[in-house]
Amino acid sequence: MLTICDTLLHDARENARNPSTVPGTTGVVPVLRRLAQQLDAPHQAKATVEAACPQLKAGVTPALLERIINPLLINAVRYAHSRVTVSTHRRPGSVLIDVVDDGPGVPEAFADELFQPGRRADATDGHDGAGLGLPLARRLAHAVGGEVSYDPGYTPGARFTVTLPAG
């Protein structure tokens, strides 16, 4: 939580000093690979990064990209049966990052509450999450003109897509 707050404060200070500057440009694939390697994944879950365009750049700082993606990766690994795949795509003016797992997926009855702070699908599932990761990821993405969305039609498992401005 301290790292998240430090990142937000740093970015806010930079934007206050230089309101007309671009927030940053980041090579997406190296950040995703580093995050996937750093995961404390259960032995049965493996995270891989697939990139059609390894030189893909997003218009955000590396720290902000990490803060947006990391909660999605942590959740995906937490609930995956064996596999988490992070893939990148380019769209005109944007970068898309899909985080997909092969776990049980989000309960249909909970899908509308996914991005509400403090909400968890199952408070008795054995992990100590506070229900803040997804709402924070979405708010950070919104702050740079992006989005974090959930695909309720994806099965089995779950798919979250992060859309960010291209760098």
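Provided above is the structure to which this section pertains.
Residues numbered from 1 in each chain as written. Predicted model: local features only at pLDDT ≥ 70, side-chain atom pairs only at ≥ 80, totals over all residues. Heavy atoms only, no water.

**Student:** Would you explain helix 2 (residues 28-38) in this entry?
**Tutor:** Residues separated by three or four positions in an α-helix point in the same direction, a consequence of the helix having 3.6 residues per turn. Here helix 2 has its buried residues at V28, V29, V31, L32, L35 and A36. Seen along its axis, helix 2 keeps its buried residues to an arc of 160 degrees; they face one direction. Opposite the packed face of helix 2, turned more than 90 degrees from it, sit the exposed residues Q37 and Q38. (Buried < 20%, exposed > 50% of the residue type's maximum accessible area, 1.4 Å probe, protein only. Helix = DSSP H or I, 4+ residues; strand = E, 2+ residues; numbered from the N terminus. Arc of directions from axis to C-beta.)

**Student:** I keep staring at the packing of helix 3 (residues 62-79) against helix 4 (residues 133-143) and nothing clicks. Help me out?
**Tutor:** Packed helices, taken two at a time, are described by the angle between their axes plus the distance between the axes. Running from N to C, helix 3 and helix 4 point in directions that differ by 150 degrees, and their axes come no closer than 9 Å. Accordingly, the angle class assigned to the pair helix 3 and helix 4 is roughly antiparallel. The way helix 3 lies across helix 4 gives a crossing that is left-handed. Taking contact as the criterion, the partners of L64, R67, I68, P71, L72 and N75 in helix 3 are, on helix 4, G133, L134, A137, L140 and A141. Here the contact of helix 3 with helix 4 is built from residues that sort into 8 nonpolar, 2 polar and 1 charged. (Axes fitted to C-alpha atoms, helices over the stretch in contact; angles between N-to-C directions. Parallel < 35°, antiparallel > 145°, perpendicular 65-115°, else oblique. Left-handed = near helix turned anticlockwise from the far one by under 90°. Contact = heavy atoms within 4.5 Å. Nonpolar A, V, L, I, M, F, W, Y, C, P; charged D, E, K, R; others polar.)

This is a description of form; function is not addressed.
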